[in-house]
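What follows is each chain in one-letter form.
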Amino acid sequence: MTTTEHYDVLVIGSGEAGKYLAWTLSKDGHRTALVERRMVGGSCPNVACLPSKNIIHSAKVASFAARAAAFGIRADTVGVEMPSVQQRKRAMVEDLVRVHLARYQASGVHLIMGAARFVAPRTVTIALRDGGTRTVAGERVILSVGTRAAIPGVPGLREARPMTHVEALDLERVPDHLVVVGGGYVGLELAQAARRFGSQVTVIERGEQLARREDPDVAAALLELFRHENIDVLLNAVVRDVEGHSGEHVRLRVETPNGLHVIEATDVLVAAGRTPNTNDIGLELAGIELDARGYIVVNDRLETTAHGVWAVGDCAGSPQFTHAAFDDFRVVHDTLKGGSRTTRDRLVPFCMFTDPELARVGVNESEARARGIDYRLATMPMSAVLRTRTLSEPRGFMKMLIDTGSDRILGFTVFGAEASELMATVQTAMLGQLPFTVLRDALFTHPTAAEGLTVLLANVATATGSAGQA
Ligand SMILES: Cc1cc2nc3c(=O)[nH]c(=O)nc-3n(C[C@H](O)[C@H](O)[C@H](O)COP(=O)(O)OP(=O)(O)OC[C@H]3O[C@@H](n4cnc5c(N)ncnc54)[C@H](O)[C@@H]3O)c2cc1C
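Residues numbered from 1 in each chain as written. Predicted model: local features only at pLDDT ≥ 70, side-chain atom pairs only at ≥ 80, totals over all residues. Heavy atoms only, no water.

> I'm lost on a positive patch on the surface in this one. Help?
A cluster of basic residues, Arg37, Arg38, Arg148 and Arg158, forms a positive patch on the protein surface. If you trace the backbone, Arg38 turns up in the loop between β2 (32–36) and α2 (43–46). (Patch = residues over 30% accessible without salt bridge, like charges linked within 9 Å, V, L, I, M, F, W, Y side chains within 5 Å. Areas by Shrake-Rupley, 256 points an atom, 1.4 Å probe, with all protein chains shown as cover. Salt bridge = Lys/Arg side-chain N within 4 Å of Asp/Glu carboxyl O. Lys, Arg positive; Asp, Glu negative; His and termini not counted. Charge placed at Lys NZ, Arg CZ, Asp CG, Glu CD. Helix = DSSP H or I, 4+ residues; strand = E, 2+ residues; numbered from the N terminus.)

Shown next, in the form of structure tokens:
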């Protein structure tokens, strides 16, 4: 007969919010266990955000080296050594895992490596990684089990053993010809990196534009960047079937409005959305309901349909970013301490780490129109930002939506050099509910990207009609 171990708090999955809740609640004095089947620290440091940005940075160095002459630097022999690229990334990941293990130890959380499955309300059995099982129950249970790459049901695709981001970020070689299925941020970041390492790259997107949530002019600018880097992009393109094996030879039949394309390539990367890790873990035995897409149903305090059980991060349908998951941690921690923080009306920024970056906070024009929001638009090419001249990176533009009836900033999109940091400046103003005039009249350091905001807004009149001074 197996005995059940009891904890005050049981966290399943070491996703961003789960691990912070475990560390914090344990330090608050609650006996806490966290179960993780594979990745100490979850996806972000192991197979997602941080490794991808590490690899992308190596690709940027390759791109600089390839055009070194334009900067007056001689780099006569430029070569890409993927094993060394991987070594730099792996050293970073190993270090991050060490940092995580130290935090588990310092906080007193019992880290149990194994796969958890519910057998009763708030009770799981754990198939331990080192063999054997344990049964563990929590007074409070937190699900932080994340998502995985979805593999579309295209005939032959699964049999072709396509890469997901996990394998693509671990490649020790440069594919001759990589086909990327999916034109969202994961696909685009990795497509550009592969191209810069020397692969021929084809991106297949079923929608009519890249980055489907962005404004058409933003998507068009991204497309222009990709075409400039000699990346083939097929839009409105549906993969009909796949033959062969990724890593050797693959043949994709792709239907587009211009007819059927047959693409012969060496490798396929699937970046076509995410699937929550919620199937086959016995949630039905614990009274935890899922929505039609398999995400855990939660309210705005991230409480599930089962008493004493919360879900956080990607698996709870939160915006699929590490910073959103981190905020989920704050919402649940606050609730447990009797506070009133919710997920309602959060300002969730995002950045696509292409080079240059695409960053946005708040609404864009498409959303504003769809929601019937009236706005004034301030827009400007990045070439008008003097900083970009010093970098020889004048590509892109920025645009700000300002409320028609007031001077409130509704949203800001920037595609260009230093976009993520520039966006954070506007985000701060939005959080402080500052009128755009505060940015317009601010004294920013010269020459920084933020200085460009004063130029962007110089001629925008206020709601009451007064103009700036530039
Ligand atoms: C390639 C890529 C790049 C990305 N880049 C960025 C970026 O730059 N910025 C950004 O903000 N976001 C980025 N994201 C998204 C980001 O990684 C996630 O949104 C974020 O990590 C939140 O995930 P999570 O905390 O919900 O779950 P995860 O971090 O996925 O953690 C879930 C954990 O639960 C474990 N688990 C699952 N089931 C069980 C079980 N039954 N028992 C035990 N353990 C289990 C898993 O092994 C995993 O470790 C990227 C994603 C990808 C794929």
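Now that the structure has been shown, the text picks up again.
> Just to check I follow, could you spell out the sheet that holds strand β12 (residues 259–265) for this structure?
Two strands in a sheet stick together by hydrogen bonds in their backbones, pointing the same way (parallel) or opposite ways (antiparallel). Spatially, three strands are ordered β10-β11-β12 in an open sheet, and the strand pairing comes out antiparallel. This sheet does not close on itself; its edge strands, each paired only once, are β10 (238–245) and β12. Within the sheet, the average angular offset between the axes of one strand and its neighbour, ignoring direction, is 15°. Summarising the sheet, β10 and strand β11 (residues 249–256) pair through seven bridges and their orientation is antiparallel. (Pairing = 2+ DSSP bridges. Axes fitted to C-alpha atoms, helices over the stretch in contact; angles between N-to-C directions.)

> Whenever I open this one, the sheet that holds strand β8 (residues 200–204) confuses me. Can you help?
In spatial order, the strands read β9-β8-β7-β13; together these four strands make up an open sheet with parallel pairing. Of all strands in the sheet, those bounded by a partner on one side alone are β9 (232–234) and β13 (267–270). Across the sheet, the axes of successive neighbouring strands diverge by a mean angle of 20°, strand direction being ignored. Here three bridges tie β8 to β9, and the two strands are oriented parallel to one another. Along β9, the bridge assignment pairs Ile204 with Leu234. Contacts from helix α6 (residues 185–197) reach β7 (177–181), β8 and β13 within the one sheet, and its direction differs from that of β8 by about 165°. (Contact = heavy atoms within 4.5 Å.)

> Whenever I open this one, the site of the ligand confuses me. Can you help?
Around the ligand, 34 residues are found, and the nearest of them are Glu16, Glu36, Ser43, Lys53 and Asp314. Contact distances for the ligand include 3.5 Å between an oxygen atom and a backbone N or O atom of Gly15. Here the ligand, which alone exposes 1,000 Å², has 96% of that area covered by the protein. Sorting the residues of the shell around the ligand by element identifies β2, α2, α3 (49–66), β3 (110–120), α6 and α8 (322–336) as the ones contributing at least two each. For the shell around the ligand, the residue count by class is 14 nonpolar, 14 polar and six charged. (Near = heavy atom within 4 Å. Polar contact = N/O pair within 3.5 Å; in protein donor to acceptor, adjacent residues only side chain to side chain. Nonpolar A, V, L, I, M, F, W, Y, C, P; charged D, E, K, R; others polar.)

> Looking at this model, I keep getting lost on unusual backbone geometry. Mind explaining?
Glycine aside, the phi torsion of most residues is negative, and most peptide linkages are trans. Going from Asp355 to Pro356, the amide bond is cis rather than trans, its omega being 0°. Examined against the element boundaries, Pro356 turns out to sit in the loop between β16 (350–352) and β17 (357–362). In this structure, Pro447 follows His446 across a cis peptide bond, with omega equal to -5°. With respect to the helices and strands, Pro447 occurs in the loop between α12 (436–440) and α13 (451–457). Positioned with a positive phi, Arg161 is a non-glycine residue whose angle comes to about 50°. When you line up the elements, Arg161 lands in the loop between β6 (147–149) and α5 (165–168). Among the residues examined, Arg161 registers a relative accessible area of 51% and is labelled exposed. Unusually for a residue other than glycine, Glu418 sits at a positive phi of about 60°. Relative to the assigned elements, Glu418 resides in the loop between β20 (409–416) and α11 (419–431). (Buried < 20%, exposed > 50% of the residue type's maximum accessible area, 1.4 Å probe, protein only.)

> In this structure, what is going on with helix α4 (residues 82–107)? I would like to understand it.
In an α-helix, one full turn covers 3.6 residues, which means residues spaced three or four apart are oriented alike. Helix length check: α4 (26 residues) gives 37 Å between terminal C-alpha atoms against 38 Å at 1.5 Å per residue, within 8%. Next to the buried residues of α4 lie α1 (16–27), β2, α2, α3, β3 and α6. Positive backbone phi, at 80°, marks Gly108, one or two positions downstream of α4. (Expected span 1.5 Å × (residues − 1).)

> Whenever I open this one, the pattern of salt bridges confuses me. Can you help?
Side-chain pairs of opposite charge can arise where the charged atoms are in close proximity. Going through the model one piece at a time under the given rule, you end up with 32 salt bridges. For Arg196, the salt bridge identified is with Asp355, shortest N-O distance 2.8 Å. Residue Arg196 is found in helix α6, and its partner Asp355 is found in the loop between β16 and β17; the two are separated by 159 residues along the sequence. The pair formed by Arg196 and Asp355 is uniform in burial state, with each residue classed as buried. Here Glu365 and Lys399 are joined by a salt bridge, their closest N and O atoms 2.7 Å apart. With Glu365 in helix α9 (residues 365–370) and Lys399 in strand β19 (residues 397–403), this pair connects stretches of sequence that are 34 residues apart. Residue Lys399 is classed as buried on the basis of its relative accessible area of 1%. Linked through salt bridges whose partners overlap, the residues forming this network are Asp215, Asp217, Glu365, Arg369 and Lys399.

> Even after reading the chapter, I still don't get the packing of α6 against helix α7 (residues 216–228), so can you show me in this structure?
Geometry of a packed helix pair, given as the angle between the helix axes and the separation of the axes. Two elements in contact, α6 and α7, have axes whose closest approach is 11 Å; the angle formed by their N-to-C orientations is 25°. Here α6 lies roughly parallel to α7, going by the angle between them. Relative to α7, α6 is oriented so that their crossing is left-handed. Where α6 approaches α7, its residues Leu188, Ala191 and Gln192 are matched on the opposing element by Leu222, Leu225 and Phe226. Split by residue class, the contact of α6 with α7 holds five nonpolar, one polar and no charged. (Parallel < 35°, antiparallel > 145°, perpendicular 65-115°, else oblique. Left-handed = near helix turned anticlockwise from the far one by under 90°.)

> Help me understand the packing of aromatic side chains in this model?
Describing an aromatic ring pair means giving the distance of the ring centres and the angle of the ring planes. Within this structure, the stated rule accounts for eight aromatic pairs. Seen in terms of ring centroids, Trp23 and Tyr104 are 5.5 Å apart; in terms of plane orientation they differ by 70°. Their pairing is edge-to-face. Of this pair, Trp23 sits in helix α1 while Tyr104 sits in helix α4, placing them 81 residues apart in sequence. Here Trp23 matches Tyr104 in class, with each residue buried. Through a chain of ring-to-ring contacts, the aromatic side chains of Tyr20, Trp23, Tyr104, Phe326 and Phe329 assemble into a single cluster. (Phe/Tyr/Trp six-rings, centres within 6.5 Å; stacked < 30°, edge-to-face > 60°.)

> I'm lost on the nonpolar core in this one. Help?
In globular proteins that are soluble, nonpolar side chains generally tend to be buried together. Judged by nonpolar contacts, the single largest core of 44 residues is most densely connected at Leu10, Ile12, Phe118, Val124, Ile142, Leu143 and Ile288. Among the elements of the structure, β1 (4–12), α1, β2, β3, β4 (123–128), β5 (133–143), β15 (309–311) and α8 are those that each provide at least two residues to this core. Leaving out residues up to four positions away in the same chain, Phe118 has contacts with Ile12, Thr123, Val124, Val141, Leu143, Ile281, Gly282, Leu283, Leu285, Ala286 and Ile288. Listed in part, the 36 residues of the second largest apolar core include Ile55, Val203, Val233 and Met352. (Core = buried A, V, L, I, M, F, W, Y, C linked by side-chain atoms within 4.5 Å.)

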